[in-house]
Structure formats: structure tokens, C-alpha cells
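Secondary and tertiary structure notes
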Amino acid sequence: MALLGPLALRRVPRVLSIAGTDPTGGAGIQADLKSIAAMGGYGMAVVTALVAQNTRGVRSVHTPPTAFLREQLDAVSDDVIIDAVKIGMLGDVATIEVVHEWLLRIQPQLVVLDPVMIATSGDRLLADSAEASMRGLVGTVNLVTPNLPELAVLVGEPIATHWPDALDQARRLSAGAGTAVLVKGGHLLTDSSPDALVDAAGGAGETLREFLGPRVATSNTHGTGCSLSAAVATVMARTGDWGTAIGEVKGWLQGALTYADELQVGEGSGPINHFHHLWTAALPGK
Ligand SMILES: Nc1ncnc2c1ncn2[C@@H]1O[C@H](COP(=O)(O)OP(=O)(O)OP(=O)(O)O)[C@@H](O)[C@H]1O
Ligand SMILES: Cc1ncc(COP(=O)(O)O)c(N)n1
């Protein structure tokens, strides 16, 4: 899929999230819409799965019929020019196939895939049987944003526990799939939480750019991966440059984690504070 040229949109980017739901608002489509808005985009949403979950875990998943998923996707693309797509929870093989077919047919300008597999709570959000289909989808998007366990599944290797090993896996994934990879270090047991953009696609040498940041001491990290990918899709549509987009989003996410505890939503792993930069009056100490 062609990468964006150095275009900078002069209007509000129209960004579509294709993902599952979180009724407590911290992850999935709800987090995506907040992140897109926080980054100055117009958010749209197609639901792949209705998930009965809260900050403590997942209770059950209801997957709409594939024909209805296709109708949702076509309802958007028949009417709206989509500047960027963010893909989150897909759940099973049939859902991946419908989204894959739609991507090939519609050829959106820019697609960011968060290959959601297991929630922070430990609950599975992707069937084991769908891992091969997920690997196939990676080759059709512009950027994939795995955490360390997802990266391991995508390359078929053990989970990296050291950052240099994760970077090597990201290189192998990028070279094999022909897709840029943003590997996330949130699962490392270190004082920092680094991310890295690896682009070994196209045989034109490899790009490696690291985005460093201190680890914020909070257990309210529910939906960070969802929020990151939706925000990157939005800023990329605006700027046309991965490095600029990821750098801007990383700074915003750092603030969203820093002010997460102010929200007091739920008793488990709560949401991040997507609008921390706008709610100065409502946040003590800002
Ligand atoms: N405690 C933290 N402090 C600072 N940054 C963090 C922290 N935890 C995660 N991050 C950042 O949040 C983003 C998501 O990373 P992570 O590896 O947690 O992805 P994920 O597992 O997909 O997220 P999720 O929690 O939604 O499942 C990355 O930019 C990562 O560096
Ligand atoms: C619908 C949906 N999509 C993604 C996640 C992953 O987010 P997290 O790992 O933070 O629970 C989730 N819990 N629910």
C-alpha cells in the first residue's frame, strides 16, 4: 500500500476507527474517538465486536454478523472521504477477512493497525485460530503497532524481554511484511517506556527512530495502545511524517498517563486522561 507523500492536510482529518467497544470508555472505539478528537481529528467508528468489559476485565463478547460489519464499513466509505483508518480489535478470522477485503477494495490513503490480541486484564481479544490471518493483514497496512507479546506472535518467536531483542524482532517483521512497525516498550520491566519506529520495507535500507520517555508510575494504563494508534493515524494524516506524528503523540500520551489518576474511573486498571491538555481548570495542580 502506497505511503503518504509529504502532504499536510489543511482541514480536519476524517479518521475511521474499526474496533471493539469498551462501555467504561477507556479502551477500544471509545478511546479511539477521544484520541482522534484530542489530536484535532474528526472521529468515525465501525464496531467489530461489542465487548462487555470494565476496568477489571472482559465478561463477554458479542460479534455482529459479518454481513452487518460489511454494511457498516460500506456505509462510511460510500459517503465519506476517509483520510486515515485505525484498526483495533478484530476478534476472529471472519472479521479479519471482511476488513481485509474492504481495505483492498477501498484502498484508504493511510491505515494503522493495532494488532490487539490480549487485554491488559489478561483476557483474549483475538482467537488463537486468527493469528495467521492477522499476520496476513499486516502486509496490507502502512503501520503496525504491536506491544511485545503481539510482536512475538507476529514473528513466531518468544516474547522479547530486552529492548534490543524487541528491535531485532521489529526489523524482521518489517522486512518480512513490507510494513513500517512501531514497537511499543510498555511491557518492559524498566524505568523507561521506549517505543521505536522501524521501517525495513522496500529494500531501501532501514529506518530506526526511537521515542524515549520515562515510565509513569500509574496502574491506570487501560487503552494506551488503542489511544496511541488512533492518535498516530490522526497526526500522520495531518503531517504526512511518521516521526513527527509519533513524537507529538508520545508527548501527549505521557501527559495522559501522568494525569490518569485524576479521573478515578473504576477499581481496576483505569483509563488514561485523553483531554488533560484541555481540562486545565478541572485538574488540580495543573
Ligand atoms: N507506565 C507507562 N509510562 C509511560 N508510558 C507508558 C507506560 N505504559 C505504557 N506506555 C506507553 O504507552 C504506549 C502503549 O504501550 P504498551 O506497550 O502498553 O501497548 P499495549 O499493551 O498495546 O497497550 P494497552 O495497555 O492498551 O494494551 C507506548 O507508547 C508505551 O511506551
Ligand atoms: C475493545 C478493546 N480493544 C482493545 C483493548 C485492549 O486494551 P487494554 O490492553 O488496555 O485492555 C480492550 N481492552 N478492548
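Residues numbered from 1 in each chain as written. Chains lettered and ligands numbered in written order. Predicted model: local features only at pLDDT ≥ 70, side-chain atom pairs only at ≥ 80, totals over all residues.

Per an unreviewed UniProt entry, the protein chain carries the name Bifunctional hydroxymethylpyrimidine kinase/phosphomethylpyrimidine kinase and comes from Arthrobacter flavus. Note on the protein chain: under the UniProt heading Pathway (unreviewed entry), the record states "Cofactor biosynthesis; thiamine diphosphate biosynthesis; 4-amino-2-methyl-5-diphosphomethylpyrimidine from 5-amino-1-(5-phospho-D-ribosyl)imidazole: step 3/3." (UniProt positions renumbered as here; feature names shortened; annotations may be inferred.)

**With respect to the overall build of the protein chain**
When helices and strands are counted, the protein chain shows eight helices and nine strands. Scaling as 2.2 N^0.38, a compact globule of 286 residues should have a C-alpha radius of gyration of about 19 Å, and the protein chain matches this with 17 Å. Taken across its 286 residues, the protein chain has 47% of its residues classed as buried. Considering only contacts within the protein chain whose residues lie at least 6 apart along the sequence, 68% involve residues at least 24 apart. (Helix = DSSP H or I, 4+ residues; strand = E, 2+ residues; numbered from the N terminus. Rg over C-alpha atoms; globule rule 2.2 N^0.38 Å. Buried ≥ 20, exposed ≤ 12 C-beta atoms within 10 Å, placed from the backbone. Contact = placed C-beta atoms within 7 Å.)

**Re the site of ligand 1**
Near ligand 1 you find 19 residues, and of these N147, K184, G186, S193 and G225 are the closest. Listed by contribution, the elements that provide at least two residues to the shell around ligand 1 are helix 7 (224-239) and helix 8 (242-258). Ranked by the residues each element gives to the shell around ligand 1, the list is headed by helix 7, at four residues. (Near = placed C-beta within 6 Å.)

**Details of the site of ligand 2**
The environment of ligand 2 is made up of 19 residues, and the closest members are G20, A27, G28, A119 and T120. Broken down by class, the residue content of the shell around ligand 2 amounts to eight nonpolar, 10 polar and one charged. (Nonpolar A, V, L, I, M, F, W, Y, C, P; charged D, E, K, R; others polar.)

**Quick look at the nonpolar core**
One finds A231, V232, A233, M236 and V249 to be the most contacted residues of the largest nonpolar core, which totals 79 residues. For this core, the leading source of residues is helix 7, giving nine residues. (Core = buried A, V, L, I, M, F, W, Y, C linked by C-beta atoms within 7 Å.)

**Description of unusual backbone geometry**
Of note, Q107 is a non-glycine position whose phi angle comes to about 50°, a positive value. Turning to its location among the elements, Q107 is positioned in the loop between helix 3 (93-106) and strand 5 (111-113). With a phi angle near 50°, Q264 is a residue other than glycine that sits in the positive phi range. Within the element layout of this structure, Q264 appears in the segment after helix 8.

**A few points about the sheet that holds strand 5**
With mixed pairing, nine strands are arranged side by side in an open sheet as 3-2-1-4-5-6-7-8-9. The strands lining the two open edges of the sheet, one partner per strand, are strand 3 (57-62) and strand 9 (207-211). Inspection of the sheet shows strand 5 paired to strand 6 (residues 143-144) by two bridges, in the parallel sense. What sits directly across from V112, in strand 6, is L143. Sheet strands touched by helix 8: strand 6, strand 7 (180-184), strand 8 (195-199) and strand 9. Its angle to strand 8, the strand with the most contacts, is close to 165°. (Pairing = 2+ DSSP bridges. Axes fitted to C-alpha atoms, helices over the stretch in contact; angles between N-to-C directions.)

**A look at the packing of helix 3 against helix 4 (residues 131-138)**
One can describe the packing of helix 3 onto helix 4 by two numbers: an axis separation of 9 Å at closest approach and a directional angle of 15°. Classed by the angle they form, the pair helix 3 and helix 4 counts as roughly parallel. Of the two possible hands of crossing, helix 3 and helix 4 adopt the one that is left-handed. Residues V93, I96, E97 and H100 of helix 3 lie in contact with helix 4, whose contacting residues are S133, M134 and L137. The residue inventory of the contact of helix 3 with helix 4, partitioned by class, reads four nonpolar, two polar and one charged. (Parallel < 35°, antiparallel > 145°, perpendicular 65-115°, else oblique. Left-handed = near helix turned anticlockwise from the far one by under 90°.)

**Quick look at helix 7**
The terminal C-alpha atoms of helix 7 lie 22 Å apart, and with 16 residues this matches the ideal 22 Å at 1.5 Å per residue to within 8%. When you tally the buried positions in helix 7, you get 15 out of 16 residues, the bulk of the element. Just beyond helix 7, the residue with positive phi is G240, at close to 70°. (Expected span 1.5 Å × (residues − 1).)

**Notes on the environment of W163**
Among the secondary structure elements, W163 is positioned in helix 6 (residues 163-177). Expressed as a C-alpha distance, the spacing of W163 and G185, which sit 22 residues apart in the sequence, is 7.4 Å. Discounting chain neighbours no more than four positions away, the residues touching W163 are G185, L188 and P194.

**A few points about the pairing of strand 4 (residues 84-87)**
Successive residues of a regular strand alternate their side chains across the two faces of the sheet. Neither face of strand 4 is exposed, since A84 and K86 on one face and V85 and I87 on the opposite face are all buried. In this sheet, strand 4 lies alongside strand 1 (residues 14-20) in parallel orientation, the contact comprising four bridges. Each bridged residue has a counterpart across the sheet, and for S17 the counterpart in strand 4 is K86. The sheet contact formed by strand 4 and strand 5 spans three bridges and is parallel.

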